[in-house]
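Take a look at the letters that make up each chain.
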Amino acid sequence: MTLEELTAAFQKLYKGQPRIYRAPGRVNLIGEHTDYNEGFVMPAAINFSTFVAITKRDDQVLKIHSDIFKEEAEIDLAQDATPGRKHWSDYPLGVAIKLKEAGHNISGANLLVHGEVPFGSGLSSSAAIEVSTGLALLDISGVKIDRLKLAKICQKAENEFVGARTGLMDQFIACFGKADHAVMLDCRSLESRALPLPDDVKLVVCNTMVKHELASSEYNARREQCEEGVRILSQHLPKVNSLRDVTPNDVERFRAELGEVVFKRCLHVTAENYRVLKAADALRDRDLKTFGKLMYESHQSLRDDYEVSYKELDVMVDLAKPIEGVFGARMTGGGFGGCTINLVSVDAVDEFTQTIKNGYAEATGKHAEVYVCSTADGAERVQ
Ligand code: ADP
Ligand code: MG
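Residues numbered from 1 in each chain as written. Chains lettered and ligands numbered in written order. Predicted model: local features only at pLDDT ≥ 70, side-chain atom pairs only at ≥ 80, totals over all residues. Heavy atoms only, no water.

Draft legend 1. Just the overall build of the protein, in detail. In terms of helices and strands, the protein carries twelve helices and 13 strands. Relative to a compact globule of 383 residues, whose C-alpha radius of gyration would be 21 Å, the protein shows 21 Å and is just as compact. Seen through its C-alpha atoms, the protein measures out along the principal axes to roughly 65 × 50 × 40 Å. Counting only residues that meet the buried cut, the protein has 57% of its 383 residues in that class. Summarising the internal contacts of the protein: among those between residues at least 6 apart in sequence, 72% fall at separations of at least 24. Just so you have it, the protein exposes about 16400 Å², and 48% of that area is on carbon and sulfur atoms. (Helix = DSSP H or I, 4+ residues; strand = E, 2+ residues; numbered from the N terminus. Rg over C-alpha atoms; globule rule 2.2 N^0.38 Å. Buried < 20%, exposed > 50% of the residue type's maximum accessible area, 1.4 Å probe, protein only. Contact = heavy atoms within 4.5 Å. Areas by Shrake-Rupley, 256 points an atom, 1.4 Å probe, with all protein chains shown as cover.)

Draft legend 2. Inspection of the nonpolar core at higher detail. Core analysis: the biggest nonpolar cluster contains 46 residues, and Ile 54, Leu 62, Leu 99, Val 131, Leu 137 and Leu 150 have the highest contact counts within it. Per element, the largest residue contribution to this core is seven residues, and it comes from helix α3 (residues 125–141). Membership of the second largest hydrophobic core comes to 32 residues, among which are Phe 40, Ala 280, Ala 282 and Phe 291. (Core = buried A, V, L, I, M, F, W, Y, C linked by side-chain atoms within 4.5 Å.)

Draft legend 3. Seen up close, the environment of Ser 192. Inspection of the secondary structure puts Ser 192 in strand β8 (residues 192–196). When the C-alpha positions of Ser 192 and Ile 173 are compared, they lie 9.9 Å apart, and in sequence the two are 19 residues distant. Sequence-distant contacts of Ser 192, defined by excluding residues within four places in its chain, comprise Phe 172, Val 183, Met 184 and Leu 185.

Draft legend 4. Spatial organisation of the side chain of Ser 309. Relative to the helices and strands, Ser 309 resides in the loop between α10 (288–304) and α11 (311–320). Polar side-chain contacts of Ser 309 include one of 2.7 Å to the side chain of Asp 314. (Polar contact = N/O pair within 3.5 Å; in protein donor to acceptor, adjacent residues only side chain to side chain.)

Draft legend 5. Local environment of the packing of aromatic side chains. What the rule picks out here adds up to seven aromatic pairs. Ring geometry for Tyr 36 against Tyr 219: centres 5.4 Å apart, planes inclined by 75 degrees, an arrangement best described as edge-to-face. Taken together, the positions of Tyr 36 in the loop between β1 (19–28) and β2 (40–41) and Tyr 219 in helix α6 (residues 214–236) put the pair 183 residues apart, joining distant regions of the chain. We classify Tyr 36 as buried; its relative accessible area is 17%. Classification of Tyr 219 as partly exposed rests on a relative accessible area of 22%. The interplanar angle of 75 degrees and the centroid separation of 6.3 Å between the aromatic rings of Phe 48 and Tyr 371 together place this pair among those described as edge-to-face. (Phe/Tyr/Trp six-rings, centres within 6.5 Å; stacked < 30°, edge-to-face > 60°.)

Draft legend 6. Quick look at the side chain of Thr 364. On the secondary structure map, Thr 364 appears in helix α12 (residues 349–364). Polar contacts involving the side chain of Thr 364 include one to the main-chain amide nitrogen of Lys 366, which spans 3.1 Å. Each residue touching Thr 364, except ones within four places of it in the same chain, is listed here: Glu 312 and Val 315.

Draft legend 7. Here's a closer look at helix α9 (residues 260–284). Look at α9: 36 Å from first C-alpha to last across 25 residues, which is about the 36 Å you get at 1.5 Å a residue. By the criterion of burial, α9 is predominantly enclosed, with 18 of the 25 residues buried. (Expected span 1.5 Å × (residues − 1).)

Draft legend 8. Fine view of a nonpolar patch on the surface. Judged by side-chain polarity, Ile 68, Phe 69 and Phe 119 come together as a nonpolar surface patch covering roughly 290 Å² of accessible area. With respect to the helices and strands, the residue Phe 69 is situated in the loop between β4 (61–66) and β5 (71–76). Overall, the relative accessible area of 38% leaves Phe 69 in the partly exposed class. (Patch = residues over 30% accessible without salt bridge, like charges linked within 9 Å, V, L, I, M, F, W, Y side chains within 5 Å. Salt bridge = Lys/Arg side-chain N within 4 Å of Asp/Glu carboxyl O.)

Draft legend 9. Spatial organisation of the site of ligand 1. Every one of the 17 residues lining ligand 1 counts as a neighbour, but Ser 66, Phe 119, Gly 120, Ser 125 and Ser 126 are closest to it. Separating a nitrogen atom of ligand 1 from a side-chain N or O atom of Ser 66 is a distance of 3.1 Å. Separating an oxygen atom of ligand 1 from a side-chain N or O atom of Ser 125 is a distance of 2.7 Å. Protein contact buries 81% of the 570 Å² of open area that ligand 1 shows by itself. Elements with a minimum of two residues in the shell around ligand 1: β6 (109–115) and α3. (Near = heavy atom within 4 Å.)

Below you can see the structure in the form of structure tokens.
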């Protein structure tokens, strides 16, 4: 959809000439299950965005229409906030409510949301709708806040209003993404570093199209196992507050006491942090081969030590490995289904896509979706 088409669609619903904002989806290249352990992650913003067309109103009413759901939701910011309704509009309206709670004077507005980030596929459509809405509301209200604050308010909306326990990575990269770069984020200090990605590779996301029921209970179990690891290790290593403070050597040393399961979980997280740091060095040196090798190692560790992979994800990674022009592949996101991320040479993308689709259908009887992504800038006004 072009900006003209979005403007025309907006004007079918509401009067006036809208401003338009966008925020990107993202993919995490390496650093999985490290965020809640205060570790390192390395997302990149991608060229699939959520667009928000907006005009200011004279009252405090927010009307928001999604062109995907083809329905409108409304709240009056002058009234007391109601809790989330388990509805798509919880994401954007939650942002408005959290901005207001943080003391920002948000105007009423009419909004039309147009999303091109696939839902629930690990590309973070949720942060894209939150950040694009937040930026739009702030700008038309004439309120300036720094982007880190905006990212944190969007995360708060998702944690407290939507009710999803997520870290800051998605909102952070939606705000701070940079075209032609991945961003290494330290989830403890929130310091970040943009790392150049060569323009002759694409980030190809393969969706297994399965999401297992287990995903959220297993996610909570992993978080608890990490906490258990910290509890045990901190009895011996007094400076340990999270797995960020632990090395794989420490984990080996206390293996017996940790017990086999907690040992393996801690080993993944601590080794994964090192892999992210090494991957950052590899990008600095333009060494995609090493970067790709680290992606494979990450997958192996998620499969064997963290035990969050799933047969479909393993099939997808194994299919990618022998294809010419593939530097690396691994599962991305929480696991138990979802997507793999593949670093693929531009020339090899078509061949890659076909081989994956055919091979996946043959191995599983299922149809895979493949999204060929480039990197993109973070949120901005586009009209
Ligand atoms: P992910 O962030 O991985 O895509 P989530 O479950 O976190 O998956 O968020 C997806 C949800 O966000 C959707 O089910 C919907 O409620 C909301 N959402 C995202 N984009 C849009 C959009 N363009 N219009 C309406 N709702 C959206
Ligand atoms: Mg999400």
